[in-house]
Amino acid sequence: MPNIRLDLSYSGIKEKEISEYEKEVSKIYKTLEENSKDEEQYVGWLKLPSNFNKKEFERIKKAAKRIRKNSEVFVVIGIGGSYLGARAVIESLTSNFANLMPQTIRKSPQIFFVGNSISPNYINELIDCIGDKDISINVISKSGTTTEPAIAFRIFREYLESKYGADEARDRIYVTTDKNKGALKQLADEEEYETFVIPDNVGGRFSVLTPVGLLPIAVAGINIDKLMEGAKTGEYNYSDSSIKYNQCYRYAVARNILYKKDKTIEILANYEPKLHYFIEWWKQLYGESEGKDHKGIFPAGVDLTTDLHSMGQYIQDGRRNIFETVINVEETKTDIKIKRDEDNIDGLNYLAGKTMDYVNKQAMQGTIEAHVDGEVPNIVINIKKLNEETIGELIYFFELACSISGNILGVNPFDQPGVEAYKTNMFKLLGKPGYKEK
Ligand code: PA5
C-alpha cells in the first residue's frame with residue numbers, strides 16, 4: 001500500500017478529464033528529467049533523494065550531534081525557502097510543546113526561528129527568553145544577501161561573540177549558503193565557520209531536503225536518513241508515466257482542471273495542528289512557483305476544525321471560486337477515549353467510549369460533504385501516519401506536483417521575478433547605495 005492515496009471522488013472531476021492530460025504530463029516530466037542534469041536549471045531537487053551528497057550528509061549528522069550536546073537553544077536564521085521547510089518538518093514530527101518541555105525529556109535543544117521578519121520585538125524577546133542558556137546558531141541564505149536574515153545574523157553574531165568570545169562563538173556558528181558567491185559565503189570563509197552548501201540547481205522553496213532543512217531537522221532529533229528514504233519512495237512512485245496510477249500527476253492535473261472551471265483559490269486544510277507549518281511551506285512553494293504572468297491558483301490554508309469557527313462561513317457560503325485539498329492523517333500517533341460522566345451536564349455521553357480521533361475524523365467527513373454540497377470541490381490526500389518516511393514522500397509529492405502544475409498553467413515554476421519589487425522600493429527608502437529615490 002502506498003503511503004499517500006489521492007481521492008478525487010469529491011472533486012466532481014471525471015476520469016476522462018484527467019486522462020486527457022496524460023501525454024502533456026509525460027512530456028513535462030521528461031523535460032524536467034532532462035533539465036535535472038543541467039546545472040543551470042533549477043531542477044536539481046528531482047533526483048536529489050536518490051543522488052545527494054553523502055559526505056555532506058554525514059557532516060550534517062556530526063554537526064547536529066555536536067549541537068545537541070553543547071547547546072540548550074538552537075537559533076535558525078532564514079526566510080522563505082531558507083526557513084519554512086525546516087520548520088514544517090520539525091513541527092510535523094515533534095511534540096506541539098517541544099520547546100516548553102525540559103531538555104531531559106525533549107533530548108534536543110529548544111529550536112527558535114528568526115530572520116523571517118524585521119520585528120525588533122521578536123528578537124529582543126527571544127534574547128530575553130534565551131537568558132544564560134548555551135546556544136548555537138545556523139544562518140541560512142542561498143543568496144547570502146537577504147535583508148531579514150542578514151540583520152538577524154549581525155545581531156546574533158555579536159550576541160555570541162560577547163557571550164563566548166570570538167573563538168568559542170566561531171564553533172557555535174553554522175552557515176548554510178551558496179558554494180561560491182554572496183556576502184555570507186565571504187564572511188564564512190573569512191571567519192572559518194563550518195559551512196554547508198545549497199546546491200546551485202535547487203531553488204530556495206525546493207531546498208528542504210538539502211542542508212537548508214536537514215541540519216535544523218537533525219538537530220531536532222528527527223531521523224534524516226528515514227526522511228530521505230521517504231522522499232526516495234516518492235521519487236520512485238511518482239515517476240510512473242501512467243496518469244491512472246500516478247497520484248502526484250493526478251493532483252497536479254486536478255488542480256488545473258478546477259482552475260479552468262474558475263476555481264482560482266485552493267485551500268489546503270489539515271485536521272492536525274502539527275501540520276500548520278507544513279501548510280505554510282506548501283503556500284510558499286505554490287504561491288511563488290505559480291503566481292506569475294497574471295496567472296495562478298492562490299494558495300490559502302486552514303487548520304481544522306479550528307478555522308471552521310472563523311473561515312468556515314466563507315468556505316461554505318462565500319464566493320464560489322474556491323476548492324479545498326484536505327490532508328487526512330489516517331492513523332493518529334496517540335488517542336484519548338471519551339469517558340462516561342454520571343451527571344452528563346455537557347450532554348457528551350453519546351460519545352462515551354469513542355476516541356477523540358474518531359470524533360475528529362467524523363468532523364472531517366461531515367465538513368467535506370458540507371463543503372461539496374456548498375459547491376466547493378474537495379480533493380483528499382490520505383497519508384498513513386506522520387513519520388519521517390511519509391513526510392519525506394509528501395514533500396516530494398508536492399514539489400513534483402507543483403512543477404508539473406506550473407508547467408500546465410504555462411508559467412516558469414522556478415523563478416520569482418515578482419519578489420524584487422518590494423525590495424527595490426525598500427532599498428530606495430532606506431538609501432541603500434545603488435538605489436536612487438523616485
Ligand atoms: O524560494 C525562494 O527562492 C525564496 O523564498 C528564498 O528562499 C528566500 O527569498 C530567501 O532567500 P535566500 O536563501 O537567498 O536568503
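Residues numbered from 1 in each chain as written. Predicted model: local features only at pLDDT ≥ 70, side-chain atom pairs only at ≥ 80, totals over all residues. Heavy atoms only, no water.

Undergrad: In this structure, what is going on with unusual backbone geometry? I would like to understand it.
TA: Glycine aside, a negative phi is what most residues show, and trans is what most peptide bonds show. Between Leu-304 and the following residue, Thr-305, the backbone shows a cis peptide bond with an omega angle of 5°. Along the chain, the position of Thr-305 falls in the loop between strand E8 (298-303) and helix H14 (312-317). Although it is not a glycine, Glu-192 sits at a positive phi angle of roughly 60°. The topology assignment puts Glu-192 in the loop between helix H9 (183-191) and strand E6 (194-197). Positive phi, normally seen in glycine, also occurs at Asp-293, with a value near 50°. Note on placement: Asp-293 falls in the loop between helix H13 (276-290) and E8. (Helix = DSSP H or I, 4+ residues; strand = E, 2+ residues; numbered from the N terminus.)

Undergrad: It is not clear to me how the site of the ligand should be interpreted in this structure. Could you clarify?
TA: Neighbouring residues of the ligand: 13 residues in total, closest Ser-82, Ser-141, Ser-143, Thr-146 and Gln-284. Contact distances for the ligand include 2.6 Å between an oxygen atom and a side-chain N or O atom of Ser-82. Measuring from an oxygen atom of the ligand, one finds a side-chain N or O atom of Glu-288 at 2.9 Å. If the ligand stood free it would expose 380 Å²; the protein chains cover 86% of that surface. Most atoms of the ligand, that is more than half of them, are within 2 Å of grid points of the second largest pocket. Grouping the amino acids of the shell around the ligand by side-chain chemistry returns one nonpolar, nine polar and three charged. (Near = heavy atom within 4 Å. Polar contact = N/O pair within 3.5 Å; in protein donor to acceptor, adjacent residues only side chain to side chain. Areas by Shrake-Rupley, 256 points an atom, 1.4 Å probe, with all protein chains shown as cover. 1 Å grid on protein atoms, 1.4 Å probe; cavity = no way out; pocket = protein on both sides within 12 Å on 5 of 7 lines; lining within 4 Å. Sits in = over half its atoms within 2 Å of the grid points. Nonpolar A, V, L, I, M, F, W, Y, C, P; charged D, E, K, R; others polar.)

Undergrad: Can you walk me through the packing of helix H4 (residues 84-93) against H13 in this structure?
TA: The geometry of a pair of packed helices is captured by two quantities: the angle between their axes and the separation between those axes. Interaxial distance between H4 and H13 falls to 7 Å at its minimum, and their mutual angle equals 155°. Classified by the angle between their axes, H4 and H13 sit roughly antiparallel to one another. Along this stretch, H4 crosses H13, giving a crossing that reads as left-handed. In contact with Leu-84, Gly-85, Arg-87, Ala-88, Glu-91 and Ser-92 of H4, H13 contributes Tyr-277, Phe-278, Glu-280, Trp-281 and Gln-284. (Axes fitted to C-alpha atoms, helices over the stretch in contact; angles between N-to-C directions. Parallel < 35°, antiparallel > 145°, perpendicular 65-115°, else oblique. Left-handed = near helix turned anticlockwise from the far one by under 90°. Contact = heavy atoms within 4.5 Å.)

Undergrad: Looking at this structure, I do not really get the layout of surface pockets. What am I missing?
TA: With a probe scaled to a water molecule rolled over the atoms, the places where space remains empty come into view. In this model, the second largest pocket occupies a volume close to 1100 Å³. What lines the second largest pocket is a set of 38 residues, among which Ser-143, Thr-146, Gln-416, Val-419 and Lys-423 lie closest to the centre. Contributions of two or more residues to the lining of the second largest pocket are made by strand E4 (135-141), helix H7 (147-164), H13 and helix H17 (420-430). It is H17 that contributes the most residues to the lining of the second largest pocket, six residues altogether. Its residues placed into classes, the lining of the second largest pocket shows twelve nonpolar, 13 polar and 13 charged. (Points joined across faces, edges and corners; volume = space filled by probe spheres on them.)

Undergrad: Honestly, empty space enclosed by the protein in this entry has me stumped. Any pointers?
TA: Considering all chains together, one arrives at one cavity of 30 Å³ or more under this definition. Taken as a whole, the largest cavity encloses approximately 30 Å³ of empty space. Surrounding the largest cavity, Val-114, Gly-115, Asn-116, Ser-117, Ser-119, Tyr-122 and Ile-123 form its lining. Counted by class, the lining of the largest cavity contains three nonpolar, four polar and no charged residues.

Undergrad: Can you walk me through a negative patch on the surface in this structure?
TA: There is a patch of like negative charges on the surface, built from Asp-341, Glu-342, Asp-343 and Asp-346. Take Asp-343: it is sitting in the loop between strand E9 (322-329) and helix H15 (356-373). (Patch = residues over 30% accessible without salt bridge, like charges linked within 9 Å, V, L, I, M, F, W, Y side chains within 5 Å. Salt bridge = Lys/Arg side-chain N within 4 Å of Asp/Glu carboxyl O. Lys, Arg positive; Asp, Glu negative; His and termini not counted. Charge placed at Lys NZ, Arg CZ, Asp CG, Glu CD.)

Undergrad: Even after reading the chapter, I still don't get the packing of H13 against helix H16 (residues 388-409), so can you show me in this structure?
TA: With their axes 9 Å apart at the nearest point, H13 and H16 run at an angle of 20° to one another. Considered as vectors, H13 and H16 are oriented roughly parallel to each other. For the crossing formed where H13 meets H16, the hand is right-handed. Contact residues: Phe-278, Trp-281, Trp-282, Leu-285, Tyr-286, Ser-289 and Glu-290 in H13; Ile-391, Leu-394, Ile-395, Phe-398, Glu-399, Ala-401, Cys-402, Ser-405, Gly-406 and Leu-409 in H16. Looking at the contact of H13 with H16 residue by residue, the class counts come to twelve nonpolar, three polar and two charged.

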